[in-house]
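Listed below are the residues making up each chain.
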Amino acid sequence: HNVSFMVRTYNGRIPGPTLLTRPGDNVSITLRNLLETNTPLPGSSAPLSTPRAANSSNLHVHGIYDSSQHDNTFFTVDPGGQHTWHYTINPACGSSLMWYHPHLDGSSAMQLGGGMLGG
């Protein structure tokens, strides 16, 4: 049986690229949102925690112990936009598994379930 479906990825890969860092490293990650324009749907202005703005995204990183200023889960990168995040890997992290994924309320479940994750 042939089955096909659309996925959402980082750099065309599932999982996204592996980022190798050491405690104390400075890391910059640029997210270029190449998803299609958000289609105006009734849900696009829906309350929090409901589907909306399916093609807007952002980036959230687990395990680096950085401030919300650098890991702002409310920041939005709309289709056609881009943003660069700058992190310093906390020296207290030691060895750890860190992973990244979209965290924009209203679209993160679909994007994460569609393949947008990496470590």
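Everything quoted here is computed from the prediction, not taken from an experiment. (Residues numbered from 1 in each chain as written. Predicted model: local features only at pLDDT ≥ 70, side-chain atom pairs only at ≥ 80, totals over all residues. Heavy atoms only, no water.)

*Asks:* Describe the overall build of the protein, naming the residues involved and giving the relevant values.
*Replies:* Of regular secondary structure, the protein possesses one helix and four strands. In the protein, the order of α-helices and β-strands from amino to carboxyl end is β-β-β-β-α. Counting all 119 residues of the protein, 30% fall into the buried class. Sequence separation of at least 24 residues holds for 68% of the intrachain contacts in the protein that already meet a minimum separation of 6. As displayed, the protein offers around 7,800 Å² of accessible surface, 56% of which is attributable to carbon and sulfur atoms. (Helix = DSSP H or I, 4+ residues; strand = E, 2+ residues; numbered from the N terminus. Buried < 20%, exposed > 50% of the residue type's maximum accessible area, 1.4 Å probe, protein only. Contact = heavy atoms within 4.5 Å. Areas by Shrake-Rupley, 256 points an atom, 1.4 Å probe, with all protein chains shown as cover.)

*Asks:* Can you break down unusual backbone geometry residue by residue, with the values?
*Replies:* At the junction of Ile14 and Pro15, the peptide bond is cis and its omega measures out at -10° in the coordinates. Although it is not a glycine, Asn11 adopts a positive phi angle of roughly 55°. By secondary structure assignment, the location of Asn11 is in the segment before β1 (26-32). Accessibility expressed as a relative area gives 67% for Asn11, which makes it exposed.

*Asks:* Any details on the confidence of the model for the protein? Residues and values, ideally.
*Replies:* Scored by pLDDT, the protein has a mean of 83; 90% of the residues are at 70 or more. Taken element by element, the protein is modelled with least confidence in helix α1 (residues 108-113), mean pLDDT 86, and with most confidence in β1, mean pLDDT 92. (pLDDT = per-residue confidence, 0-100.)

*Asks:* Pulling in residues and values, what's your account of the nonpolar core?
*Replies:* Grouped together as the largest cluster of nonpolar side chains are 15 residues, with contacts concentrated most on Tyr10, Leu59, Ile64, Trp85, Tyr87 and Ile89. Sort the elements by how many residues they give to this core and β1 lands first, with three residues. Sequence-distant contacts of Ile64, that is, excluding residues within four places in its chain, are made with Tyr87, Thr88, Ile89, Asn90, Cys93 and Met98. (Core = buried A, V, L, I, M, F, W, Y, C linked by side-chain atoms within 4.5 Å.)

*Asks:* Residue-level account of the environment of Thr37, with values.
*Replies:* Along the chain, Thr37 turns up in the loop between β1 and β2 (60-62). Put simply, Thr37 and Ala53 are 16 residues apart on the chain and 9.0 Å apart in space, counted from C-alpha to C-alpha. Contact partners of Thr37, with chain neighbours within four places excluded, come to Asn55 and Pro79.

*Asks:* An account of the environment of Leu34 is requested, with residue identities and associated values reported.
*Replies:* By the secondary structure assignment, Leu34 is in the loop between β1 and β2. Leu34 sits 48 residues away from Gln82 along the chain, and the two C-alpha atoms are 8.9 Å apart.

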